[in-house]
Every structure is written in C-alpha cells, then in structure tokens.
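Listed below are the residues making up each chain.
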Amino acid sequence: MTWSEMQPLLEQACSETLVMVGWSTLIAVVAGLPVGILLVLTDKGGLLQNTVVNKVLGQVVNIGRSLPFIILMVALMNFTRWVTGTTIGSEAAIVPLAVGGIPFFARLVETAVREVDHGLVEAVQAMGGNTWTIVRKVLVPEALPSLIASTTTTIIALIGYSAMAGTVGGGGLGDLAVRYGYQRFETGLMWITVAILAVVISLIQFAGDYAARSLHRRGNRSGSGPKLRLLKAKEPAAADISKVA
C-alpha cells in the first residue's frame, strides 16, 4: 500500500479518534469531578459526612473501574443502541468510553482533593464559609495542578480505550490497525498508526505536565490565595463590629 492510499485512511482514523476521545473526556471530566469531590465530602470527617452515601458511591466507582473495557462495551450495547441508535462506529464508542472514564477520573479527583491542606478548609470554616464556598474557593483551586495532571492521565487512558474499541468496530486508529495491519497484513500501516499514537500521547503528556507545573509555580508564588481573599472580604465587617462595641 502506497502513502497516497494510506493518507486518507489515516486522516479519517485520526479524526474519528479525536472525536471519540474529545467527547468522552469532556463527559468524564464534567461527571467525574463532582463524583470525586463528593467522595471526599461524604467520607469520615468530611464536610458532608454520610457513611451510606460514601459507601454506595464508592462501590459504584469501584465496579466501574474494575470492569475491563472490552467487557464494559459488550455490557453497555443495549444502552449504547438506545443512546446513539447503533453499536458500531465512533459515535457509539463514545458511550462506553465516557462511562469507563467517569469512575477512572473520579478516583483521581478524590486523590487530588485529599491532598489539599486541611488548614485552609478549617480557616474558611472559621470565617463562616459554607460547603459550596469551600469547594469553589479552596478545594478546586488548590487541587487544580493535580486535577490537570489527572485529566492528562484520563485522556491518555481513553486513547488506549479508543484503540481497543476499534477492535470491535468502534472506528479510529485501533480499527484501522486491526483491519489493515492485522487482517490484510499491511504491516507498514500498522506501525504508522502505532507511531501516531505514540507521538500524540507524548505531546498530550508534555502539555499536561507543563500546565500542571505552571499552575503549581503560580500557586506557590501567590501563597494561600483563597484564604487571604476571604480574610480581606471579612475585614470590613469585623471593623463595623468593633465600632458598635
């Protein structure tokens, strides 16, 4: 197979992989972020301590993470058909990719949020901050470098899942490698897809690491930004109370 024959196949496969990974990552981040934060908040000693909710949610996440992706795809076929109208193609592959990515990202979020200095949380509580304020002003901003790193890890994992989805008609680079590289013995095309995946993953990892380091350095320079801003916001009220006294 010549390069002129390979090029349109590679372009289509790359676009399909981009669509699958892009949409599934977006869904996984949007749904997994609140799940991960809720796992921390409802845990023992958390702001919304609730053992039942924490155990149930934790088990659901564990089950989602424990299923091999190929089995998850098969198990979700009826749901995928109900959502997309088909079980074949890149659009259908988005459903199991997103479902598999949500618990994966949620556990990474839980780990990232647990690393936040509890002293900041206690300081905001002492100033009358509610749970939503603590999540918005402390937990998420302070954990942002780790959350960026978690997102990078999730994207790379979903790229691997998308290649696996190609083996059962999910489209993308995995499908191209199987149909042409394996079934038609086009070894050159298969190695090109491997090289493309390796380059893409390396670029994503580099970009994610750079963003996480930049945010971490900025956070170190600014110090305890959320706490200081809240303290400044409370100073006028404290002054008014002293005048009344």
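Residues numbered from 1 in each chain as written. Predicted model: local features only at pLDDT ≥ 70, side-chain atom pairs only at ≥ 80, totals over all residues. Heavy atoms only, no water.

Draft legend 1. Main features of the packing of helix H1 (residues 3-41) against helix H2 (residues 51-66). Closest axis-to-axis distance for the H1/H2 pair is 9 Å, and the angle between their directions is 140°. Taken together, H1 and H2 sit at an angle that is classed as oblique. Here H1 and H2 pass one another in a crossing that is left-handed. On the side of H1, the interface is formed by Val35, Leu38 and Leu39, while H2 contributes Asn54, Leu57, Gly58 and Val61. (Axes fitted to C-alpha atoms, helices over the stretch in contact; angles between N-to-C directions. Helix = DSSP H or I, 4+ residues; strand = E, 2+ residues; numbered from the N terminus. Parallel < 35°, antiparallel > 145°, perpendicular 65-115°, else oblique. Left-handed = near helix turned anticlockwise from the far one by under 90°. Contact = heavy atoms within 4.5 Å.)

Draft legend 2. Structural context of the side chain of arginine 107. Along the polypeptide, arginine 107 turns up in helix H5 (residues 90-114). Judged by its relative accessible area of 17%, arginine 107 is buried. Apart from the residues within four sequence positions on either side, arginine 107 is in contact with Leu39, Gly58, Val61, Asn62 and Arg65. (Buried < 20%, exposed > 50% of the residue type's maximum accessible area, 1.4 Å probe, protein only.)

Draft legend 3. How the structure looks around the packing of aromatic side chains. Inspection of every chain in the model, using the stated rule, returns 2 aromatic pairs. A centroid spacing of 4.9 Å and a plane angle of 5° characterise the contact between phenylalanine 69 and tyrosine 161, whose relative ring orientation is stacked. Taken together, the residues span a long stretch of sequence, with phenylalanine 69 in helix H3 (residues 69-75) and tyrosine 161 in helix H7 (residues 131-165) at a distance of 92 residues. Its relative accessible area of 4% is what places phenylalanine 69 among the buried residues. (Phe/Tyr/Trp six-rings, centres within 6.5 Å; stacked < 30°, edge-to-face > 60°.)

Draft legend 4. Broad picture of the environment of threonine 187. Turning to its location among the elements, threonine 187 is positioned in helix H9 (residues 187-222). With a relative accessible area of 41%, threonine 187 lands in the partly exposed category. Each C-alpha atom of the pair threonine 187 and alanine 177 lies 8.8 Å from the other, and the pair is 10 residues apart in sequence.

Draft legend 5. The arrangement of a nonpolar patch on the surface in detail. A cluster of nonpolar side chains, Ile63, Leu67, Ile70, Ile71, Met164 and Val168, forms an exposed patch at the surface whose accessible area comes to about 470 Å². As for its position among the elements, isoleucine 71 is in helix H3. Relative accessible area serves as the criterion here: at 45%, isoleucine 71 is assigned to the partly exposed category. (Patch = residues over 30% accessible without salt bridge, like charges linked within 9 Å, V, L, I, M, F, W, Y side chains within 5 Å. Areas by Shrake-Rupley, 256 points an atom, 1.4 Å probe, with all protein chains shown as cover. Salt bridge = Lys/Arg side-chain N within 4 Å of Asp/Glu carboxyl O.)

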